[in-house]
Amino acid sequence: MREAEAGRHRWRPRTRAVAAAGLALALAAPLAACGSGDPGGAPTINLYYGPEQNLQKVVDDCNARAGGRYRIAYQVLPRQADDQRVQMARRLAARDSAMDLLGLDVTWTQEFASANWIREWTGARKAEVERGTLAGPLATAQYQGKLYAAPKNTNVQLLWYRSDLVPRPPRTWDEMIQMSQQLKAEGKPYQVITMGAQYEGLVVLYNTLTASAGGAIVSEDGKQAVFDPGAVKALGVLQRFASSGVTAPGFTNSVEDDARLAFQSGDAAFQLNWPFVYPAMQEAAPDLAKKVRWARYPGVDAGTPSRVTIGGYNLAVSAYSRHPEESFDAAQCLRDAEHQKFSAINDGVPPTIESVYAEPEMAKAYPMRDTILEELKDPAVRPRTPAYQNISTVLSAALSPPSAIRPERTAAQLRKATRDALESKGVLP
């Protein structure tokens, strides 16, 4: 999968069952009160969104709240992110008016906005989206200083470690490598598991290292290839890690779920991955899960916290929708605080509204919520440019395999390739 985010993996663990049941009842109550009859001539708002197990319940609740003014119809997109993007892009390029509300990966908003495929959020609606939304997710919904989408959910990777093997989590990559090498010398489980295949996951890893080193890949306005000293330093860290003898044998072919399974085998001491691994481990490897703790992703320099790349999805209104006002209202309902909490607990997609993390029901579903929120308050965002698909392609190719990286030379290669990618203005089918 292109999108390096296991929000695609919809896990509903036993530990969430009680809280989820209560919240599901809360959402179901308005439906019983309003009934489920035909709204009678109300416009249909077609929501194009990836598979999310319990999203239909949110849709049903929003339809009940609409009181017959509109009806949202959930059109399920393919599971793979690339397939989602291609389907929407082709239909929007053809000015398809049957598309109203779009679920966009956080890396697509700028591309769709630059193509004039989605509408700007303005006035009171813009203010409502901005109110209480974390700055990182909000940044992914902006283009050229304007808001083009409403962040529905976010995501961020954590460090998962074996507390029976190490007394405390490492604070830097170098410290983690040293701990792992020491464990290896002692004949204990030692591997550091993460994603190293030639795909978006490798780009996310490099983007996180670059931001953590204080560097930049692309300028803030998304127009210039940078690859400054921080980006070069990040290349050195990635090469050193790949060559240190602490990675799993399948590192250069590993994507998110491969990493999860490798860690669950019991041969690793550390894993860098999305929060979906927590409930998955509880179900698949409960004995191991009792020994696993979490911490903030390791930084590059001692004393400087990491800045971790965020994922997630935004809701955008199609420029060709015949019902834009109702579509904006539907989007606001789908991503309000109550529904973000429901989706977080039931579908494992972290909220973008900060206040939701303080809700009591979140404590059981997200025992690591404080660490997630800490990272989300100062995150790394992938280059915000319409040409991101091009950039991701050239980055993943040049970074693979990581052991072959030569920092200065690779940075020069990437700078030129990224400059060329930026000039293409995006990859539109």
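Just so we're clear, the structure is a prediction, and the values are computed from it rather than from any experiment. (Residues numbered from 1 in each chain as written. Predicted model: local features only at pLDDT ≥ 70, side-chain atom pairs only at ≥ 80, totals over all residues. Heavy atoms only, no water.)

Draft legend 1. Structural detail: the pairing of strand 9 (residues 268–273). Taking burial as the measure, the six residues of strand 9 include six buried ones, the bulk of the element. The pairing of strand 7 (residues 158–162) with strand 9 spans four bridges and is classified as antiparallel. Following the sheet pairing, Leu159 is matched in strand 9 by Leu272. (Buried < 20%, exposed > 50% of the residue type's maximum accessible area, 1.4 Å probe, protein only. Helix = DSSP H or I, 4+ residues; strand = E, 2+ residues; numbered from the N terminus. Pairing = 2+ DSSP bridges.)

Draft legend 2. The arrangement of the sheet that holds strand 8 (residues 191–193) in detail. Pairing is mixed across the open sheet formed by four strands, whose spatial order is 8-9-7-10. Taken across any chain shown, the strands that pair with only one partner, and hence form the sheet edges, are strand 8 and strand 10 (292–295). On average, each strand axis in the sheet is tilted by 20° relative to the strand beside it, whichever way the strands run. (Axes fitted to C-alpha atoms, helices over the stretch in contact; angles between N-to-C directions.)

Draft legend 3. The arrangement of the state of the cysteines in detail. Summed over the entire model, instances satisfying the criterion amount to one disulfide. In this model Cys62 forms its disulfide with Cys333; the gap between the sulfur atoms is 2.1 Å. On the sign convention where negative means left-handed, the S-S torsion of about -100° between Cys62 and Cys333 marks this disulfide as left-handed. With a gap of 271 residues between them, Cys62 in helix 2 (residues 55–66) and Cys333 in helix 13 (residues 324–334) connect regions that are remote in the sequence. We classify Cys62 as buried; its relative accessible area is 0%. Overall, the relative accessible area of 9% leaves Cys333 in the buried class. (Disulfide = S-S within 2.5 Å.)

Draft legend 4. The confidence of the model for the chain, seen in detail. Taken over all residues, the pLDDT of the chain has a mean of 91, while the share at 70 or more is 90%. Segment residues 6–22 is flagged for pLDDT under 50; beyond a separation of four residues in sequence, or across chains, it makes 51 contacts in the model. Of the regions scoring below 50 in pLDDT, residues 28–39 engages in eight contacts with residues more than four places distant in sequence or in other chains. (pLDDT = per-residue confidence, 0-100. Contact = heavy atoms within 4.5 Å.)

Draft legend 5. Molecular detail of the pattern of salt bridges. Under the counting rule described, the total for this entry stands at 25 salt bridges. Close ionic contact of Glu354 with Lys377 constitutes a salt bridge, the shortest N to O distance being 3.0 Å. Placement of Glu354 in the loop between helix 14 (337–347) and helix 15 (360–365) and of Lys377 in the loop between helix 16 (369–376) and helix 17 (388–399) is noted, with a sequence separation of 23 residues between them. Relative accessible area serves as the criterion here: at 33%, Glu354 is assigned to the partly exposed category. Residue Lys377 is classed as exposed on the basis of its relative accessible area of 52%. (Salt bridge = Lys/Arg side-chain N within 4 Å of Asp/Glu carboxyl O.)

Draft legend 6. Structural detail: the nonpolar core. Ranked by internal contacts, the top residues of the largest apolar core, which has 83 residues, are Trp173, Tyr206, Leu209, Phe270, Ile372, Leu395 and Leu399. Here this core takes eight residues from helix 9 (residues 229–242), the largest share from any one element. In this view, Leu209 contacts Trp173, Ala234, Val237, Leu238 and Val300; residues no more than four positions away in its chain are not counted. With 47 residues, the next largest nonpolar core counts Tyr74, Leu102, Leu104 and Val317 among its residues. (Core = buried A, V, L, I, M, F, W, Y, C linked by side-chain atoms within 4.5 Å.)

Draft legend 7. Structural detail: the pairing of strand 2 (residues 71–76). For strand 1 (residues 44–49) and strand 2, the ladder comprises six bridges, and the chain directions are parallel. Bridging from a neighbouring strand, Tyr48 pairs with Gln75 of strand 2. The parallel pair strand 1 and strand 2 is bridged by helix 2, and the resulting crossover is right-handed. (Right-handed = clockwise from strand over helix to strand, strands pointing away.)

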